[in-house]
Amino acid sequence: MNHAFLNELAEAAGAICVAESASFKEVSIEYKSARDLVTSVDKKVEAYLRSRIAAKFPNHSILGEEQGLLDKQSDSCWIIDPIDGTNSYIQGLPGYTVSIALQRKGEIVAGVVYAPVLGQMFSAERGKGACLNNNRITVSGTSKLIDSVLSSGFACIREGFQPDNLGAFSRVIPKVRDFRRHGSAALDLAWVAAGKLDGYWEQCLNIYDVAAGVLLVQEAGGMLTDYRGGIDYPAGGLVATNGLIHEQLRKLVVEE
Ligand code: IPD
Ligand code: CA
Ligand code: CA
């Protein structure tokens, strides 16, 4: 896999996001539901990424949040979230990312999460570690929940999913040092991989939200499970940690 291609692709996509935000009044916004928005930039970035990938790998499949699956009956599938953190993007906040992953025979083998405003390029290849701006990263060494800083999200609320994340949130917050809500699952996972967060949990995520971030956490020595401690994530919820606090956090999330 051409690692440089992934990074260059993400960087070019991030540049589109930043350039378009400079004239934000021209950006159109549609409502997928009352609180789930998509902009013309989400669609423009995905179209750009799909065209670049198809030009280089015409026989590969592509799954993107906005256009869905282009099934080429291939062992290789690219998984794209053109803007993860659209609400942050719309608000002019920096916590949004471009997330691109390559899946081969069902396994994520390479991925990048790029935060263009923050200048943070997270990348990983299976078996070769994870990097931030080409410097190796590893998860944190925090072993007690009371010393941990965690993040989560609340898309379940906008989806009307029950039980939602508010019960878990009320159980977890009194037991940890601090909490952050950034608005990009991919960035949350990248920051767990980099040891900037000690853990992250969320439900109602899609594969394109997490495909690249999951590989980052795995290659940085972290641990990922579904809410029950299995491997059915993100469908069964997702808990991503440094491994040391995993069961402490997971049991609070599901009230075990
Ligand atoms: C969302 C972000 C958010 C998470 C939601 C996702 P989007 O992705 O990752 O942090 O809480 O579950 O849907 O809609 O901005 O691509
Ligand atoms: Ca997303
Ligand atoms: Ca998105």
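Anything mentioned here points back to the structure above.
Just so you know, these numbers come straight off a predicted model, no measurement behind them. (Residues numbered from 1 in each chain as written. Chains lettered and ligands numbered in written order. Predicted model: local features only at pLDDT ≥ 70, side-chain atom pairs only at ≥ 80, totals over all residues. Heavy atoms only, no water.)

**Points about the sheet that holds strand E8 (residues 120-125)**
Reasoning step 1: Strand order in this open sheet of eight strands is E4-E3-E5-E6-E7-E8-E9-E10, and the pairing throughout is mixed. In the strand order of this sheet, the two ends are held by strand E4 (68-70) and strand E10 (135-137), each with one partner. Geometrically, the sheet is characterised by an average inter-axis angle of 20 degrees between neighbouring strands, direction not taken into account.
Reasoning step 2: As paired elements, strand E7 (residues 107-115) and E8 share six bridges and run antiparallel to each other. Residue pairing for E8: Ala 110 is matched across the bridge by Glu 125.
Reasoning step 3: The strands that helix H7 (residues 207-219) touches are strand E3 (61-64), strand E5 (76-84), strand E6 (97-104), E7, E8 and strand E9 (130-132); relative to E7, the one it contacts most, it runs at about 100 degrees. (Pairing = 2+ DSSP bridges. Helix = DSSP H or I, 4+ residues; strand = E, 2+ residues; numbered from the N terminus. Axes fitted to C-alpha atoms, helices over the stretch in contact; angles between N-to-C directions. Contact = heavy atoms within 4.5 Å.)

**Side note on the coordination of the calcium ion (ligand 3)**
As a benchmark, a tetrahedral metal site with four donors has ideal angles of 109.5 degrees, while an octahedral site with six donors has ideal angles of 90 or 180 degrees.
Reasoning step 1: The calcium ion (ligand 3) binds to the protein through Glu 65 (OE), Asp 81 (OD) and Ile 83 (O), with metal-donor distances spanning 2.1 to 2.4 Å.
Reasoning step 2: Donor residues binding the calcium ion (ligand 3) come from one chain and are separated in sequence as E-x15-D-x1-I.
Reasoning step 3: The metal-metal distance between the calcium ion (ligand 3) and the calcium ion (ligand 2) comes to 3.6 Å, with Asp 81 coordinating both. Here Glu 65 is found in the loop between E3 and E4, whereas its partner Asp 81 is found in strand E5, with 16 residues between them in sequence.
Reasoning step 4: Taking relative accessible area as the criterion, Glu 65 reaches 21% and is therefore assigned partly exposed. (Donors = N, O, S within 2.8 Å, 3.2 Å for Na, K, Ca; no water. Buried < 20%, exposed > 50% of the residue type's maximum accessible area, 1.4 Å probe, protein only.)

**Brief notes about the pairing of E7**
One face of the sheet, then the other: side chains in a regular strand alternate in exactly this way.
Reasoning step 1: Of all the nine residues making up E7, eight are buried; the element is thus mostly covered by neighbouring parts of the structure.
Reasoning step 2: Bridge count between E6 and E7: seven bridges; the pairing is antiparallel. Pairing of Val 98 across the sheet is with Tyr 114, part of E7.
Reasoning step 3: Hairpin connection, E6 to E7: the antiparallel pair is bridged by two residues, and Lys 105 has positive phi, about 50 degrees.
Reasoning step 4: The turn joining E7 and E8, which pair antiparallel and follow one another in sequence, is formed by four residues; a positive phi near 65 degrees is taken by Gly 119.

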